[in-house]
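Structural overview for review
Spelled out from the first residue to the last, the chains are:
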Amino acid sequence: MDFYKLPTEQKQELHTTITNIATSFGGANFFLSLIELLRHTKPNAILNESAVFHYDKGKIKWSKSIRKESLTQLFHAINKEYQGLDALHELSPKEHKAMLNMIKALKSVTFSVTSKDDSFASFDFDLFASKERDDNSLSPIFKTLFFYPFDFIKKSLQYKVQEI
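Residues numbered from 1 in each chain as written. Predicted model: local features only at pLDDT ≥ 70, side-chain atom pairs only at ≥ 80, totals over all residues. Heavy atoms only, no water.

Our next topic: the packing of helix α1 (residues 8-24) against helix α6 (residues 150-158). Packing of α1 against α6 leaves a shortest axis separation of 8 Å and a crossing angle of 100°. As judged from the angle between their axes, α1 and α6 are roughly perpendicular. Residue-level contacts link Leu 14, His 15, Ile 18, Thr 19 and Ala 22 of α1 to Phe 152, Ile 153, Ser 156 and Leu 157 of α6. Looking at the contact of α1 with α6, its residues break down into six nonpolar, three polar and no charged. (Axes fitted to C-alpha atoms, helices over the stretch in contact; angles between N-to-C directions. Helix = DSSP H or I, 4+ residues; strand = E, 2+ residues; numbered from the N terminus. Parallel < 35°, antiparallel > 145°, perpendicular 65-115°, else oblique. Contact = heavy atoms within 4.5 Å. Nonpolar A, V, L, I, M, F, W, Y, C, P; charged D, E, K, R; others polar.)

And the structure:
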């Protein structure tokens, strides 16, 4: 994923979205330090069986623990989405069933972000952008927290929106 190879409209949209997400986490520096912490946590923080990730400014809690197989399918879905395709597009019957099972299992997962010291307002977000049955796109907050590369996020935050 190269941020600068994206079309201008997509760069501007990502900049706005990720800047808003960073602001909701208490600012860009706090947000970037959280992203670094998430990336360095082994195994992946989202696989935590207690469905909670604690960090110095607060915690992220999700409604259902996520298994490694589901996380792998989730990352495949994000890669398909990045290519402009639906998660279920051109899959073998076995892969289609695995992806469909992941979507069914995780469609209801919600995340709750709370602050320890009221440095930002607590908020909730869903794993999927929509609860619609046919919409399999993942929420921008989830993709930013757990999928986008660190440099991609930094470039997005530093991008200067062009006035048309």
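Let's pick the thread back up.
On to α6, then. For α6, every residue scored as buried is listed here: Phe 152, Ile 153, Ser 156 and Leu 157. With its buried residues spanning 130° around the axis, α6 presents them on a single face. For α6, the exposed residues set more than 90 degrees away from the buried face come down to Asp 151 and Gln 158. The elements touched by buried residues of α6 are α1, α2 (28-40) and α5 (140-146). (Buried < 20%, exposed > 50% of the residue type's maximum accessible area, 1.4 Å probe, protein only. Arc of directions from axis to C-beta.)

Counting 49 residues, the largest nonpolar core has Phe 25, Phe 31, Ile 60, Phe 111, Leu 127, Phe 142 and Leu 145 as its most contacted members. Take this core: its biggest share by element is five residues, from α2. (Core = buried A, V, L, I, M, F, W, Y, C linked by side-chain atoms within 4.5 Å.)

With that out of the way, let us pick up the sheet that holds strand β2 (residues 58-62). Consider a sheet: its strands pair through backbone hydrogen bonds, and that pairing is either parallel or antiparallel. The four strands lie next to each other as β1-β2-β3-β4, forming an open sheet whose pairing is antiparallel. For this open sheet the edge positions go to β1 (52-55) and β4 (123-126), each flanked by a neighbour on one side alone. Ignoring which end each strand starts from, the neighbouring axes of this sheet average 15° apart. In the sheet, strand β3 (residues 110-115) pairs with β4 via four bridges, with the strands oriented antiparallel. Counterpart to Phe 111 in the pairing with β4 is Phe 125. Lying on the sheet, α2 is in contact with β1 and β2; it crosses β1 at an angle near 125°. (Pairing = 2+ DSSP bridges.)

Here the focus is unusual backbone geometry. Cis geometry is adopted by the peptide bond preceding Pro 43, which originates at Lys 42 and carries an omega value of -10°. Within the fold, Pro 43 resides in the loop between α2 and β1. Backbone geometry places Ala 51, a non-glycine residue, at a positive phi of 60°. Its place among the elements puts Ala 51 in the loop between α2 and β1.

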